[in-house]
Amino acid sequence: MISAKLQKAINNQIQAEMYSANLYLSMSGYCMSQNLKGFSNWLRVQYQEETEHALKLLDYLLERGGEVELQAIEAPPTEFGKPVEVFEKVLAHEEHVTSLINKLYEVAVEEKDVAAQIFLQWFVTEQVEEEASAGDILAQLRMIGDKTGGIFFLDKELAARKA
Ligand SMILES: [Fe+2]
Ligand SMILES: [Fe+2]
């Protein structure tokens, strides 16, 4: 069994992952409306990944005999500015999620739940990757600046990301 405190914390993280999914889906739609099909594709794949994160937590909770308590998910914004601003927001959001994962891991430590600590290590590693990939794209966007040719080239590159 899983402790009530850890169950609550995992349910909160499921909500956070589902919000992340919706945030990226909203960004994906926004980029499509800006004719940035590659950016839109990259964010749509990101949406799918976040949904998988939510399901991974949900399945784990059930595997441990816990109860799933889905919560209301706040509506994400609909306007995100220029591509560089979109990716500033992606990186800031991933940094926020990293802090949530770290706090969740802390709860597993406090509850002396060794199995949950091992399970959550996957998310700790995943956040390192998430921040790195968002940071790489942001760095490229900062180099590109206002050069539309660079945006066009990067958009083509991001179109290649597959789920
Ligand atoms: Fe996630
Ligand atoms: Fe993420």
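Notes on the structure follow. Predicted model, so just to flag it, every value in this text is computed and none were measured.

## Some remarks on the overall build of the chain
Here comes step 1: The helix and strand tally for the chain stands at 5 helices and 0 strands.
Here comes step 2: The secondary structure elements of the chain, listed N-terminal to C-terminal, are α-α-α-α-α.
Here comes step 3: Principal-axis analysis of the C-alpha atoms gives the chain an extent of 55 × 25 × 25 Å.
Here comes step 4: Here the chain holds 163 residues, and 42% of them are scored as buried.
Here comes step 5: In the chain, of all internal contacts separated by at least 6 residues, the share reaching a separation of at least 24 is 81%.
Here comes step 6: Carbon and sulfur atoms make up 57% of the accessible area of the chain, which amounts to about 8,800 Å² in all.
Here comes step 7: Positive and negative side-chain charges in the chain, numbering 15 and 26 respectively, have mean positions lying 4 Å apart.

## Focus on the nonpolar core
Here comes step 1: Residues M27, F39, L43, V86, F87, V90 and L141 are the most contacted members of the largest nonpolar core, which totals 23 residues.
Here comes step 2: The residues contacting M27, other than those within four sequence positions of it, are L43, F80, V86, K89 and V90.
Here comes step 3: Counting 19 residues, the second-largest nonpolar core is a separate cluster that includes I10, L57, L58 and V97.

## Describing the coordination of the iron ion (ligand 1)
Here comes step 1: Only E17 (OE), E50 (OE) and H53 (ND1) from the protein coordinate the iron ion (ligand 1), and they sit 2.1 Å from it.
Here comes step 2: E17 gets classed as buried once you look at its relative accessible area, which sits at 0%.

## Describing the coordination of the iron ion (ligand 2)
Here comes step 1: The protein atoms donating to the iron ion (ligand 2) are E50 (OE), E94 (OE), E94 (OE) and E130 (OE), with metal-donor distances spanning 2.0 to 2.6 Å.
Here comes step 2: Given 4 donor atoms and angles of 53 to 148 degrees at the metal, the environment of the iron ion (ligand 2) is assigned as irregular.
Here comes step 3: Donor residues for the iron ion (ligand 2) sit on one chain with the sequence pattern E-x43-E-x35-E.
Here comes step 4: Separation of the iron ion (ligand 2) from the iron ion (ligand 1) amounts to 3.3 Å, with E50 serving as a shared donor to the pair. Residue E50 is located in helix α2 (residues 37-63), and its partner E94 is located in helix α3 (residues 83-110); the two are separated by 44 residues in the primary sequence. Neither residue differs from the other here; E50 and E94 are each classed as buried.

## Some remarks on α3
Residues that lie three or four places apart on an α-helix share one face, since the helix turns once every 3.6 residues.
Here comes step 1: Taking 1.5 Å per residue, 28 residues should reach 40 Å; α3 reaches 41 Å between its end C-alpha atoms and fits that length.
Here comes step 2: Phi turns positive one or two residues past the end of α3, at K112, with a value near 55 degrees.

## Points about the pattern of salt bridges
Here comes step 1: According to the stated counting rule, one finds 4 salt bridges in the structure shown.
Here comes step 2: For E110, the salt bridge identified is with K5, shortest N-O distance 2.9 Å. Taken as a pair, E110 in helix α3 and K5 in helix α1 (residues 4-33) lie far apart in primary sequence, 105 residues in all.
Here comes step 3: Assessed through its relative accessible area of 46%, E110 is described here as partly exposed.
Here comes step 4: By relative accessible area, K5 is classed as partly exposed at 44%.
Here comes step 5: Linking E88 and R142 is a salt bridge whose minimum nitrogen-to-oxygen distance equals 3.6 Å. A residue pair is termed long-range when its members are at least 10 positions apart, and E88 in helix α3 and R142 in helix α4 (residues 114-144) qualify at 54 residues.

## Things to note about the packing of aromatic side chains
Here comes step 1: Evaluation of the coordinates by the stated rule reveals 6 aromatic pairs.
Here comes step 2: Taken together, a centroid distance of 5.6 Å and an interplanar angle of 75 degrees make the contact between Y30 and F80 edge-to-face. Of the two residues, Y30 sits in helix α1 while F80 sits in the loop between α2 and α3, which places them 50 residues apart along the sequence.
Here comes step 3: The class for Y30 is buried, based on a relative accessible area of 10%.
Here comes step 4: Taking the centre distance of 4.9 Å and the plane angle of 80 degrees together, the rings of W122 and F123 count as edge-to-face.
Here comes step 5: Overall, W122 belongs to the partly exposed group, its relative accessible area being 36%.
Here comes step 6: Ring-pair connections join several aromatic residues into one group, and the members of that group are Y60, F119, W122 and F123.
Here comes step 7: Stacked on the ring of W122, the Lys or Arg K56 has its end atom at 4.2 Å from the ring centre.
Here comes step 8: Of note, R161 hangs over the ring of W42, and the distance from its end group to the ring centre comes to 4.4 Å.

The rules we used
- Residues numbered from 1 in each chain as written.
- Chains lettered and ligands numbered in written order.
- Predicted model: local features only at pLDDT ≥ 70, side-chain atom pairs only at ≥ 80, totals over all residues.
- Heavy atoms only, no water.
- Helix = DSSP H or I, 4+ residues; strand = E, 2+ residues; numbered from the N terminus.
- Buried < 20%, exposed > 50% of the residue type's maximum accessible area, 1.4 Å probe, protein only.
- Contact = heavy atoms within 4.5 Å.
- Areas by Shrake-Rupley, 256 points an atom, 1.4 Å probe, with all protein chains shown as cover.
- Lys, Arg positive; Asp, Glu negative; His and termini not counted.
- Charge placed at Lys NZ, Arg CZ, Asp CG, Glu CD.
- Core = buried A, V, L, I, M, F, W, Y, C linked by side-chain atoms within 4.5 Å.
- Donors = N, O, S within 2.8 Å, 3.2 Å for Na, K, Ca; no water.
- Tetrahedral: all angles 85-135°; square planar, octahedral: opposite > 155°, others 65-115°.
- Expected span 1.5 Å × (residues − 1).
- Salt bridge = Lys/Arg side-chain N within 4 Å of Asp/Glu carboxyl O.
- Phe/Tyr/Trp six-rings, centres within 6.5 Å; stacked < 30°, edge-to-face > 60°.
- Lys NZ or Arg CZ within 6 Å of the ring centre and 35° of its normal.

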